[in-house]
Amino acid sequence: MYKIIVDSCGEFTRHMDEDKAHFSHIPLTLQVGSYEQKDDSTFDQKAFLKKMKDSKEPPHSACPSPASYLAAIEEAEADNIYIVTLSAKLSGSYNAAVLARSLYQEEHEDDEGPLKRIHVFDSRSASIGQTLIAEHIEQEEKKGLTFDEVIRAVDSFIREEHTFFVLESLDTLRKAGRLGSLKAMLATTLSIKPVMGSTPEGSIQQLGQARGMIRSLDKMVDCMVQVTSHPDQKVVAISHCNAPDTASSLKEKVKRTGLFKDVFVLETAGVSSMYAGDGGVIMAV
């Protein structure tokens with residue numbers, strides 16, 4: 001038996017949602033001003049996006065506590081437990097999960113019999129990038145690999161993974177002080193969309209920019225093609241925040257390259273919705 005625990009920044013496919021024996025979410029907490037919202041089944045994307053738009057303050061997220069991770073570890077009826085967190089460069093979720101693993105091992109060091117085997121993966125990504133990692137863990141487990149073999153295979157996958165995103169609005173970046181008001185105004189007026197991507201360490205970098213969403217999506221696909229090795233073996237995953245038409249267009253652009261094994265689309269979870277903003281799209285491979 002194995003269990004894959006993902007913090008709520010990572011979207012779940014329908015299969016993951018239904019397979020509760022092997023997958024579970026640990027919620028982060030979202031905040032806009034004095035308003036707080038758990039990123040769980042109660043999350044109301046439409047209401048949260050409105051609060052983000054109306055607030056003069058930038059939104060924030062709070063990572064899961066070590067206690068919440070520890071409870072998930074204790075409850076898991078599995079020998080092998082894999083935890084996938086959003087990038088340690090973006091959140092304390094990874095450190096909280098590592099601490100929970102240490103607490104579990106300390107509390108059970110005198111137990112008779114083997115302890116649960118636990119590994120925490122720093123995704124060096126977020127959102128749909130975490131989804132692909134969780135899928136890869138499942139695939140390696142189903143091959144019958146040992147715990148250590150799964151870890152090596154998934155670490156290799158993470159090193160090769162790339163995540164990209166394009167925002168419809170730069171308002172959240174402006175509120176957070178990461179983009180000057182004049183620059184944000186000019187970019188909005190000229191419909192300039194920066195194309196962002198992950199660094200190997202899990203930080204965020206700007207890869208380029210284009211005028212209009214269509215050209216930005218084209219540039220994002222070009223960036224992905226340039227850095228992806230063995231694309232015929234890779235699945236492309238797309239998530240969107242209230243932008244199904246944009247996501248569908250991006251999916252078709254990826255398919256038209258004729259390079260990739262498959263491509264699928266999901267809606268963003270709560271934390272991903274906060275980062276992407278209304279109309280944003282995220283892509284990972």
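In the block above lies the structure referred to throughout.
One numbering rule holds for all chains: residues counted from 1, following each sequence as written. Predicted model: local features are reported for residues with pLDDT of at least 70 only, side-chain atom pairs are reported and counted for 80 or more only, and whole-chain, interface and lining totals are derived from all residues. To obtain the side-chain values, all non-hydrogen atoms of the structure were included, while hydrogens and water were left out.

1. Some thoughts on helix α9 (residues 213–227)
Part 1: A helix here means a DSSP run of H or I that spans at least four residues, while a strand means a run of E at least two residues long, and both kinds are numbered starting from the N terminus. Expected helix span is given by 1.5 Å per residue-to-residue step, counting one fewer step than there are residues. Between its first and last C-alpha, α9 extends 21 Å over 15 residues, near the 21 Å set by a 1.5 Å rise per residue.
Part 2: What α9 keeps buried is the set M213, S216, L217, M220, V221, C223 and M224. Each buried residue of α9 lies within a common arc of 155° when the element is viewed along its axis, so the set occupies one face. Turned more than 90 degrees away from the buried face of α9, the exposed residues are I214, R215 and Q226.
Part 3: By definition, residues are in contact when any of their heavy atoms lie within 4.5 Å. Summarising the contacts, the buried residues of α9 are in contact with β8 (163–166), β9 (192–198), β10 (204–211), β11 (235–240), α10 (244–257) and β13 (281–284). Only protein chains enter the accessibility calculation, which uses a 1.4 Å probe. A residue is then buried if its area is under 20% of the maximum for its type, exposed if over 50%, and partly exposed in between. Read the arc as the range of directions from the helix axis to the C-beta atoms.

2. Comments concerning helix α5 (residues 128–142)
Side chains of residues three or four places apart in an α-helix project in the same direction, reflecting 3.6 residues per turn.
Part 1: Counted at 1.5 Å a residue, the expected span for α5 with its 15 residues is 21 Å, and the 21 Å between its end C-alpha atoms agrees.
Part 2: Within α5, 13 of the 15 residues are buried, which leaves it mostly tucked inside the rest of the structure.
Part 3: One or two positions beyond α5, positive phi appears at G144, with a value near 85°.

3. Some details on the pattern of salt bridges
Part 1: We define a salt bridge as a contact between a side-chain nitrogen of Lys or Arg and a carboxyl oxygen of Asp or Glu at a distance within 4 Å. Summed over all chains, the structure comprises seven salt bridges.
Part 2: The salt bridge partner of E160 is K234, with a shortest N-O separation of 3.4 Å. Of this pair, E160 sits in helix α6 (residues 147–160) while K234 sits in the loop between α9 and β11, placing them 74 residues apart in sequence.
Part 3: Taking relative accessible area as the criterion, E160 reaches 37% and is therefore assigned partly exposed.
Part 4: K234 sits in the buried class, given a relative accessible area of 11%.
Part 5: Note that K255 and E252 form a salt bridge whose closest N and O atoms lie 4.0 Å from each other. You can see K255 and its partner E252 sitting in helix α10, three residues apart, about one turn around the helix.

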